[in-house]
Amino acid sequence: MTIEELEQLAISVRRDNAKFDYQVNVCMDLACASQGAGAIKEALDQAVAASGKNVLVRRTGCMGPCSHGPLVRVDPEKTLYRKLKSEHAEKIVGALGSKPVSELQCDLSEHFEGQVRVVLENAGYIDPSKIEDYIGRDGYKALLSMLTEMTPNGVIHRITESGLRGRGGGGYPTGLKWGTVAKAAGDTKFVVCNGDEGDPGAFMDRSVMEGDPHRVIEGMAIAGYAIGASKGYIYVRAEYPLAVSRLTAALRDARRVGLLGMNICNTTFNFDVEIRLGAGAFVCGEETALLASIEGRRGNPRTRPPYPASSGLWGKPTLINNVETYANIAPIIRNGGKWFHNMGSERSKGTKVFALTGKIANTGLVEVPMGISLKDIIEKIGGGVPGGHKLKAVQTGGPSGGCIPANMLDVGVSYDALLKMGSIMGSGGMIVMDDTSCMVNVARFFMEFCMTESCGKCVPCRAGTAQMHTLLTRIAEGHGSMEDLELLEDLCATVKEASLCGLGQTAPNPVLSTLKYFRAEYEEHIVHKRCPAGICKVSHVEEVTA
Amino acid sequence: MASFIPPALPSDDKRWKIVHATMRKNGFARHALIETLHTVQSSFGYLDEDAIRFVARSLRVPLSQAYGVVTFYHYFNLKPPGRHTVTVCAGTTCFIKGADKLIATAQKRLGIETGHTTPDGEVSLMVARCVGACSRAPVTLMDGEVQGEMTSEQMLAQLERWTVE
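Residues numbered from 1 in each chain as written. Chains lettered and ligands numbered in written order. Predicted model: local features only at pLDDT ≥ 70, side-chain atom pairs only at ≥ 80, totals over all residues. Heavy atoms only, no water.

1. Some remarks on the sheet that holds strand β6 (residues 231–236) of chain A
Adjacent strands of a sheet pair through backbone hydrogen bonds, lying either parallel or antiparallel.
All names here are of chain A.
Move 1: Sheet architecture is open: four strands sit in the order β7-β6-β5-β8, paired in parallel fashion. Looking at the sheet topology across the chains shown, the edges are occupied by β7 (272–277) and β8 (318–322). When the angles between neighbouring strand axes are averaged without regard to direction, this sheet yields 20°.
Move 2: As judged from the six bridges shared by β6 and β7, these two strands associate in the parallel manner. Paired with Y233 across the bridge in β7 is E274. (Pairing = 2+ DSSP bridges. Helix = DSSP H or I, 4+ residues; strand = E, 2+ residues; numbered from the N terminus. Axes fitted to C-alpha atoms, helices over the stretch in contact; angles between N-to-C directions.)

As structure tokens, this is what we get:
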């Protein structure tokens, strides 16, 4: 497919869409689908057919505010309906052309106002199973215009200029990484997309892969051109079957129209992508473990250097980025590095997608410019803590991150600010906790997770996490002593310093951050044998001391 | 190496042909081990010793390595699942919203620990790390179907329906 053919196709898709008087978009992401969005779409289809109106009913990816689901948005008016049932379909279709059904409508203007959508720009607007829908919204324009107009170095320069940093958690500058792999010696190179999303409580990568799969593929193809690779792998969790089937279909469609394969856009550039399934191992989010898993082995990490940039998949130079990073690439190529650079804070550019969950009114996916304060995310976009409860902490970064207390939420979100507060950006899970959550119990939960997920290769992680879990259990059950706290801190330092990979190095973070900000809760469990949140079953029987 | 002939299928069960197709698609390469095991599990529901031996021999992977991979990844099951499976998500958000209570309720009702199947082979109780439906926590999967904002009562009612069947 040439750039002219692509543009022709985009114009005809837009013309076809414009033929309809109304577009009824039905969110069919996991959260809405689990509440009967499929039946709602069928009912809408039937109601439209019966009404004789000129309406397009489209299934889309995640619209964002999942707690209001199942959601339906009617365009061009942008009327949003919430908590729908199949029996509402006739009413909604009947109201097209006159006043919207006010009792089903929801006003989430404050929720959407604070957001800037780059990664999620198509979410809620395209049918993920149709490549035409993606092309109609400027999809693959970046890839083809790049192939005809830009050199690989030019692409890397633009990504560097944008200031994009890895969205998988570490925040390594993407342009720098691409440049390193491009310069690495060797004819065969690989592009790998990390779609393992092991952080429990985060689901933005799932949503992007399911709701806009072509965006990831386009980003990978651009990366392939920039670094000189003709083969890519997407590593997806087996727990995301829909993401796997959507990506499989998207790859097939892209090959069919000639956007993947040999001599793309009549150039010498060849590129194709293969899907690899994960099998439920958190450690496979670590890049060297992920590569081992793609090679069909146990997901054991290895020491670095050599970094995958010089010796990765089957010993070849390999570029590894996560889903959200690749999802940012096409818009950067299309709109320029400066456009991206102008968004965000001083050292963290662009936007970040967060999975806002827990004790908050508007749970779901939000995309905000970097630098926005946590308070704004929680109170304005998230709608605050419901049920008259008091906000206690926000957990970011999953098992590698920390808990940020309510009194520190004025800080703007950036890689460096979160790190300074003892947490990390992570992949973007943001879990809001209120006064019914016990921080000792939360720390124990994460430690149990890390203990189970430790691959067992290095001793500090394997033994350290188990020991820390024992100590935390002892404290939570009311058998702990003040010496245990010291021992715990000591162990945290050892595991952090001496572990081989990121899993162990960051495993103490949830403990360290809760010890720093919520020490009183630990002491309450130890000294007064009581759990302030009423979660832990603290034993009241005093231990008999000899 | 070009003369390598993969071993015969363990039986004339048609599902082995699907497994064979996966391996052939990957040129019987060693790196197709995990892919092949996925196919076995999706076809048979679990991985038994015969299956692991067959896959290892077909891909020329040491049996120890194949067994190592099977036991390393949580997704692979060595035991046959029950007729029904209830999976409780124990991701962070589900945990905050009371997944531990759901697990305790299910354990008590079924009389088994997580990861096990009732002696009559009816119901398996599993725990998932995170199914990515965090916005509707706590989440359970009833025979693979995601159900959000689950309560103990709803879960018990579903288990009851399964026993009545």
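2. Regarding the pairing of strand β1 (residues 84–89) of chain B
All names here are of chain B.
Move 1: With six of its six residues buried, β1 lies for the most part within the structure.
Move 2: Going residue by residue along β1, you find H84, V86 and V88 tucked away on one face and T85, T87 and C89 tucked away on the opposite face as well.
Move 3: Pairing analysis gives six bridges linking β1 to strand β3 (residues 123–128), with the strands arranged parallel. Note on β3: the bridge partner recorded for T87 is M126.
Move 4: Note that β1 and strand β4 (residues 140–142) share three bridges and pair antiparallel. Looking at the pairing, T87 lines up with L141 of β4. (Buried < 20%, exposed > 50% of the residue type's maximum accessible area, 1.4 Å probe, protein only.)

3. Regarding the domain arrangement of chain A
Move 1: Taken domain by domain, chain A comprises domain 1 (3–113), domain 2 (138–341), domain 3 (351–434) and domain 4 (439–527).
Move 2: Between the C-alpha centres of domain 1 of chain A and domain 4 of chain A there is a distance of 47 Å. (Domains from an automatic or database assignment.)

4. What to know about the domain arrangement of chain B
Move 1: According to the domain assignment, chain B contains domain 1 (15–72) and domain 2 (84–164).
Move 2: On a C-alpha basis, the centroid separation for the pair domain 1 of chain B and domain 2 of chain B is 29 Å.

5. Observations concerning the packing of helix α6 (residues 99–110) of chain B against helix α7 (residues 152–164) of chain B
Residues and elements named next belong to chain B.
Move 1: Their axes nearest at 10 Å, the elements α6 and α7 cross at an angle of 30°. On the basis of their axis angle, the class for α6 and α7 is roughly parallel. Considering only the axes of α6 and α7, their crossing is right-handed. Judged by residue contacts, K101, L102, T105, A106, R109 and L110 of α6 engage S152, M155, L156, L159, E160 and T163 from α7.
Move 2: Across the contact of α6 with α7, the residue classes break down as six nonpolar, three polar and three charged. (Parallel < 35°, antiparallel > 145°, perpendicular 65-115°, else oblique. Left-handed = near helix turned anticlockwise from the far one by under 90°. Contact = heavy atoms within 4.5 Å. Nonpolar A, V, L, I, M, F, W, Y, C, P; charged D, E, K, R; others polar.)

6. A word on the interface of chain B and chain A
Move 1: Chain B puts 32 residues into the contact, and the matching count from chain A is 51 residues.
Move 2: Buried area between chain B and chain A, both sides added, is near 3500 Å², and the carbon and sulfur share of it is 59%.
Move 3: Mapped onto the side of chain B that touches chain A, the elements with two or more residues apiece are α2 (33–44), α4 (63–72) and α5 (92–96) of chain B. (Buried area = accessible area lost by both parts, 1.4 Å probe.)

7. Some remarks on the side chain of E286(A)
Residues and elements named next belong to chain A.
Move 1: Mapped onto the fold, E286 is located in the loop between β7 and α13 (287–294).
Move 2: One buried charged side chain, E286, makes no salt bridge at all; its nearest oppositely charged neighbour is R304, positioned 4.1 Å away.
Move 3: At 2.6 Å, the side chain of E286 forms a polar contact with the side chain of T288.
Move 4: Beyond its immediate sequence surroundings of up to four residues, E286 is in contact with P301, R304, C501 and G502. (Lys, Arg positive; Asp, Glu negative; His and termini not counted. Salt bridge = Lys/Arg side-chain N within 4 Å of Asp/Glu carboxyl O. Polar contact = N/O pair within 3.5 Å; in protein donor to acceptor, adjacent residues only side chain to side chain.)

8. Some thoughts on the sheet that holds β3(B)
Residue and element names in this part refer to chain B.
Move 1: Read from one edge to the other, the open sheet built from five strands follows the order β2-β3-β1-β4-β5, with strand pairing classed as mixed. In this open sheet, the two edge strands, each paired with only one partner strand, are β2 (116–117) and β5 (145–147).
Move 2: Where α7 meets the sheet, it contacts β1, β3, β4 and β5, and its direction lies at approximately 170° from that of β1.

9. Considerations on the packing of helix α1 (residues 15–25) of chain B against α2(B)
Residues and elements named next belong to chain B.
Move 1: The contact between α1 and α2 brings their axes to 9 Å, and the two run at 160°. Taken together, the axis directions place α1 and α2 in an arrangement best described as roughly antiparallel. Between α1 and α2 the crossing geometry is right-handed. For the pair α1 and α2, contact is made by R15, W16, I18, V19, T22 and M23 and by E35, T36, T39, V40, S43 and F44, respectively.

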